[in-house]
Amino acid sequence: MANTYTQIYLQIVFAVESRQNVIDPQHNDELQKYITGIITAQRQKLIAINNTPDHVHILIGQRPDSELSDLMGDIKSGSTNFINRKRWVRGRFSWQEGFGAFSYSHSQLTSVIRYIQNQQEHHQKRSFHDEYVSLLDKFDVPYDKRYIFKAV
């Protein structure tokens, strides 16, 4: 796409099925590197990534010719298969259906990167549930409170 110039920054958040705390912190680096490989293979720009035992945050610079749903499908299916091959969890691992995506301007990147990098400390004081609802409310994303955190 010649002469196309964009600046699309998205923070993407997705959770382990039923929000179980099953991702052992000893595997964080390897999981993040694997997801980074998927993002890079899709020609997206990874800016920040971090995970906790029950969810992942990713900040990307998205290309205008890509579909976010396709990228997320690749990330979730690829990392699910990776985690299951590694046998990091008892039984079968899977991600919860869906994800949250929130857009930011270039001037907000430093604070979003810091926020993502400090997830472990952040979640000592605030649950993922509270964090996610706060993001949805902050960005005026409509959601049905009866189903947003329904266990699968």
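These numbers were taken from a predicted model, which means no experiment stands behind them. (Residues numbered from 1 in each chain as written. Predicted model: local features only at pLDDT ≥ 70, side-chain atom pairs only at ≥ 80, totals over all residues. Heavy atoms only, no water.)

Draft legend 1. Spatial organisation of unusual backbone geometry. Of note, the phi angle at R43 is positive, near 65°, even though the residue is not glycine. Take R43: it is sitting in the loop between α1 (28–41) and β2 (45–51). Positive phi, close to 55°, is recorded for D140, a residue that is not glycine. Here D140 shows up in the segment after α5 (128–138). (Helix = DSSP H or I, 4+ residues; strand = E, 2+ residues; numbered from the N terminus.)

Draft legend 2. Local environment of helix α2 (residues 68–86). Over its 19 residues, α2 extends 27 Å from the first C-alpha to the last, a length consistent with the 27 Å expected when each residue adds 1.5 Å. All of the buried residues along α2 are L68, L71, M72, I75, K76, G78, S79, T80, F82, I83 and N84. On its buried face, α2 sits against β1 (9–15), α1, β3 (55–61) and β4 (100–104). R87, located one to two residues past α2, shows a positive phi value of around 55°. (Expected span 1.5 Å × (residues − 1). Buried < 20%, exposed > 50% of the residue type's maximum accessible area, 1.4 Å probe, protein only. Contact = heavy atoms within 4.5 Å.)

Draft legend 3. Fine view of the side chain of S79. On the secondary structure map, S79 appears in helix α2. Engagement of the side chain of S79 in a polar contact is seen with the backbone oxygen of K76, the distance being 3.4 Å. A distance of 2.8 Å separates a polar atom in the side chain of S79 from a polar atom in the side chain of W95. The residues contacting S79, other than those within four sequence positions of it, are L31, Y34, I35, I38, D74 and W95. (Polar contact = N/O pair within 3.5 Å; in protein donor to acceptor, adjacent residues only side chain to side chain.)

Draft legend 4. The sheet that holds β3, seen in detail. Spatial strand order, β2-β3-β1-β4: four strands in an open sheet with antiparallel pairing. Edge positions in the sheet fall to β2 and β4, since each has one partner strand and no second. The mean angle between the axes of side-by-side strands here comes to 15°, regardless of whether they run parallel or antiparallel. When β1 meets β3, the two strands line up antiparallel, connected through seven bridges. Directly across from L10, in β3, lies its bridge partner I60. Its contacts with the sheet place helix α3 (residues 109–117) against β1, β2, β3 and β4, and it is angled at close to 155° to β3. (Pairing = 2+ DSSP bridges. Axes fitted to C-alpha atoms, helices over the stretch in contact; angles between N-to-C directions.)

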